[in-house]
Structures are given as structure tokens and as C-alpha cells.
Amino acid sequence: MSRNFLSATTKFEDYYPNLIANDSIAFLRSSKQQNQRKPVMLTMSFPAPHGPEDSAPQYSHLFFNVTTHHTPSYDLAPNPDKQWILRVTQPMEPVHKRFTNLLMTKRLQTLQSVDVAVERVYNELKTLGELENTYIIYTSDHGYHLGQFGLIKGKSFPFEFDVRVPFLVRGPGIEPSRTVDEIVLNVDLAPTFLDMGGVPTPSHMDGRSILPLLLNKQRLMKEAWPDTFLIESSGRRETPDQIAEARARLQVERTNMKLANSTLIEDLVENATTTTTTARIDVLDMESREEDQYIGNAKESDNEDLTDDDFEFENEDDEVDTSAANLEEDDETDDELEQQDQFDNNLPLAPYITKMMRLNSECSDPTLLENCRAGQKWKCVNENGRWRKHKCKFH
């Protein structure tokens, strides 16, 4: 399980961070009985504050109107002196600011359960008499931005707000409230854990134990501590020849898929209309307008990603009634598809050249042409010869 989970029947004991804490305490008690003379290691990996940001019910009223994420770089855009993405990023719209504020609220709410879990484990170690014989490390995998430089949310930029993580350590020999100024990276974690357990660091590991830094014993270190490090994108790892070959192969597949999709859509439109002549005109019109619609959508969709309808965090008192449903348009924009390819280079190339081709293929599924039913998320509607996907909403 990798996410918080809540349902109408969720109890405090069922909330995932609470289960992690329960299992961790059980492990500590078992280790105390079975491995009294051996070092043990416990890793507690919490999903919070990762999405979907569903907090435990008792914390869902906290931190509204919080502004701690409004740092000096909040909504500071555009930035002509920085990389191209920040040069073209414009100031946020009011709906974007409301989104960042609410998302910060939800993230802080989920972290309350983490705080409780840490306290419970701390108290258990104290009860077992192992607190002063245990190192406790608190950290995370990456930073996060919420509005910094006008970027609404994310984690993939080489700036402090994305690369810096919390790193707190307590344990035997560590002076309270002491700050280590040296650069510490995630590659240093494994060597440090081994050092704390009395195990030498294997030669193939890149990092170094930071225990001498924590214990203020730098003078015993044989080599100077690094003062720089390199941040790289995970990027594509293929050679130029491999990329060219893959693109050529994909182009052939797209051409074949386009022909197949056109045939499927023509059949569907013919079945849904009274005359085949009208149906064929609609299909031909769809293809001829495809390029113009693609360009128009790209211009019009800049601010369509976030609307007031996207804020579904607030508690709903109304019960779900699956007997009646309405449709809310939730078209995916071409800009979104382009950004996915730009910002996550590990993703495979999209199998469709345009959004129209993708919709033609997806809307060939007969189940998406039926009226919304319980459990159905999307419905396809042909509007003036163009397929659109609408989100099913139940009230």
C-alpha cells in the first residue's frame, strides 16, 4: 500500500500511517525480546504528504488559510534570467493561488498523523529502555514547490525548494540543536546507517558516513568533505541513433493507427446517424479541421487546467445518489500532453500525433457511448463532428 486511504467506514485504527506505527511498535517489542544483543534497523515509510492528501478525520479541520508556503519566490514570475520554462511561466491566476493554499492545508493535515507516529515510536523506545541507544533519523525523498516562481505544484526543478529535504537526527553522542553545515546527500544515508550499526562501508557505495560530522569528529576524517554536488535530470538515456530509430518506428505505427482509428470512427458515426452521407461528411469535416482545432486548443487551454470545479477537497454532506447523474466537461488539453513529454523524459512517446486521434481511438469503446452509470468515470459525446470526453458526476 502506498497511499492514505479513507472510506465511509474508516476508523482511526485503519488509517494507513496508524497501521505503520502499530507494526513498527510491534517490531520494536519483538526485537527487544529476540535480538537483545544485535543491532536492528526500522524504516517507517509514510505516504504523507503525498497525494491524494486525505488526512485522518480528526485533523481535517486544521490549517485552513495557511500561508507558510508564501515564500519570497511565491508567484515571482516571469523570470527572464532563468531557464526557458521559468522565462515563459506567467504569474498565477487567482484560482491557482487558491489551489496552492488549499493543497498546502491538506498536506499539513496529513502530516499530523506522521507526527503522532513519531511520538509513539519515541515513547515506545523510552519504555523499552532503548531510547539513548538508538539513532532516529527523520527525512524525506525530495522537496516541493507550491507557487514558487509561478509554478503551481511539483518537485522537478533544480532549486532549493525542490532539492532540499528535512534531515533531523538524534541519538547517542549527538549534541542537541547542533547544525551541520556540510553538504549531505541521499547517497550518504546507507553508509551512515551501516556505520551506526558498526558495519564498514562497501567500496562500491558512492556516499560516505556522516556520523563523524554528527559526532563532531571531522578531525578524524582522512579526506576533506565535498563542497559541491551535481544535479542532473533523469533524462533520456538512449543514444541519438536509438532515438532516431524509435521515432521512425513510432511514425509508422502512428500512421497505421490513424488509418485504423478513422475507419472505426466512421463506422460509429454511420451507426449513430440516419444517413450515411451525413456521417461521412462529419468524419471528413473532423479530419479537415483537426489541425485548426489542435492549434486553437493549445491557445485556449492555458488556464483550463484548474477551475473551481477542481476543488473537490471540501467535505460533502450530500450522500451519493447513483440514480441520477450529470456530465461535467473535463477535456484534457493538448498543452497537458506536451508538458508531460517535456517534464518527464522517462515517459514513452505518445502513440498519437494529436489529441483528436487519441479521442477517436478512446471513443471507439462502445461502453463510453452509453449514459453514465454507477462507477463510470467518462462518457464520449460527439459534438458537431468532434469527439469529447466528459466526466460523469453523480449527485
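A quick note: this is a predicted structure, and the numbers were derived from the prediction, not measured. (Residues numbered from 1 in each chain as written. Predicted model: local features only at pLDDT ≥ 70, side-chain atom pairs only at ≥ 80, totals over all residues. Heavy atoms only, no water.)

Draft legend 1. Broad picture of the packing of helix 1 (residues 16–34) against helix 3 (residues 94–128). In contact at an axis separation of 9 Å, helix 1 and helix 3 are set at 15 degrees when each is read in the N-to-C sense. Between helix 1 and helix 3, the angle falls in the class roughly parallel. The two elements helix 1 and helix 3 meet at a crossing, and its hand is right-handed. Touching Pro17, Asn18, Ala21, Asn22, Ser24, Ile25, Leu28, Arg29 and Lys32 of helix 1 are Ser113, Ala117, Arg120, Val121, Glu124, Leu125 and Leu128, all from helix 3. Its residues assigned to classes, the contact of helix 1 with helix 3 comprises eight nonpolar, four polar and four charged. (Axes fitted to C-alpha atoms, helices over the stretch in contact; angles between N-to-C directions. Helix = DSSP H or I, 4+ residues; strand = E, 2+ residues; numbered from the N terminus. Parallel < 35°, antiparallel > 145°, perpendicular 65-115°, else oblique. Left-handed = near helix turned anticlockwise from the far one by under 90°. Contact = heavy atoms within 4.5 Å. Nonpolar A, V, L, I, M, F, W, Y, C, P; charged D, E, K, R; others polar.)

Draft legend 2. Examining the packing of aromatic side chains more closely. Counted under the stated rule, the structure contains three aromatic pairs. For the ring pair Phe149 and Phe161, a centre distance of 5.7 Å and an interplane angle of 65 degrees mean the geometry is edge-to-face. Linking Phe149 in the loop between strand 1 (136–139) and helix 4 (160–163) with Phe161 in helix 4, this pair joins segments that are 12 residues apart in sequence. Judged by relative accessible area, Phe161 falls into the buried class, the value being 17%. Judged by centre distance (5.7 Å) and plane angle (35 degrees), the ring pair of Phe159 and Phe161 falls under tilted. Side by side, Phe159 and Phe161 carry an identical accessibility label, which is buried. Among the aromatic residues, ring-to-ring pairing joins Phe149, Phe159 and Phe161 into one connected group. Directly above the ring of Tyr144 sits Arg107, whose terminal nitrogen or CZ lies 3.9 Å from the centroid. (Phe/Tyr/Trp six-rings, centres within 6.5 Å; stacked < 30°, edge-to-face > 60°. Buried < 20%, exposed > 50% of the residue type's maximum accessible area, 1.4 Å probe, protein only. Lys NZ or Arg CZ within 6 Å of the ring centre and 35° of its normal.)

Draft legend 3. Structural detail: the side chain of Gln112. Considering the arrangement of structural elements, one finds Gln112 in helix 3. What makes Gln112 buried here is its relative accessible area of 18%. The residues touching Gln112, leaving out its near neighbours within four places in the chain, are Tyr59, Leu62 and Phe63.

Draft legend 4. Focus on the confidence of the model for the protein. Per-residue confidence for the protein gives a mean pLDDT of 77, with 70% of residues at or over 70. Averaged pLDDT values for the elements of the protein fall to 36 in helix 8 (residues 276–288) and rise to 97 in helix 3. (pLDDT = per-residue confidence, 0-100.)

Draft legend 5. Looking closely at the environment of Val88. The topology assignment puts Val88 in helix 2 (residues 84–88). In this structure the C-alpha to C-alpha distance between Val88 and Pro78, which are 10 residues apart in sequence, comes to 6.3 Å.

Draft legend 6. Molecular detail of the side chain of Thr105. Looking at the secondary structure, you find Thr105 in helix 3. Classification of Thr105 by relative accessible area gives buried; the value is 2%. Here Phe63 takes part through its backbone oxygen, which lies 2.8 Å from a polar atom of the side chain of Thr105. When near neighbours in sequence (up to four residues on either side) are disregarded, Thr105 contacts Leu62, Phe63, Phe64, Asn65 and Val66. (Polar contact = N/O pair within 3.5 Å; in protein donor to acceptor, adjacent residues only side chain to side chain.)

Draft legend 7. Geometry of a nonpolar patch on the surface. There is a patch of nonpolar side chains on the surface, built from Phe27, Val40 and Leu42 and spanning about 220 Å² of accessible area. With respect to the secondary-structure elements, Phe27 resides in helix 1. (Patch = residues over 30% accessible without salt bridge, like charges linked within 9 Å, V, L, I, M, F, W, Y side chains within 5 Å. Areas by Shrake-Rupley, 256 points an atom, 1.4 Å probe, with all protein chains shown as cover. Salt bridge = Lys/Arg side-chain N within 4 Å of Asp/Glu carboxyl O.)

Draft legend 8. Seen up close, the state of the cysteines. With the rule as written, the count across this model stands at two disulfides. The side chain of Cys363 participates in a disulfide bridge whose partner is Cys380; the two sulfur atoms lie 2.1 Å from each other. Measuring the twist about the S-S bond at about -80 degrees, one finds the Cys363-Cys380 disulfide to be left-handed. Placement of Cys363 in the loop between helix 11 (355–362) and strand 4 (378–383) and of Cys380 in strand 4 is noted, with a sequence separation of 17 residues between them. According to the relative accessible area criterion, Cys380 is buried, its value standing at 4%. Paired by a disulfide, Cys372 and Cys392 hold their sulfur atoms 2.0 Å apart. On the sign convention where negative means left-handed, the S-S torsion of about -75 degrees between Cys372 and Cys392 marks this disulfide as left-handed. Residue Cys372 is located in the loop between helix 11 and strand 4, and its partner Cys392 is located in strand 5 (residues 386–394); the two are separated by 20 residues in the primary sequence. Each member of the pair, Cys372 as well as Cys392, is classed as buried. Disulfides within the protein link the bonded cysteines, taken in sequence order, as 1-3, 2-4. (Disulfide = S-S within 2.5 Å.)

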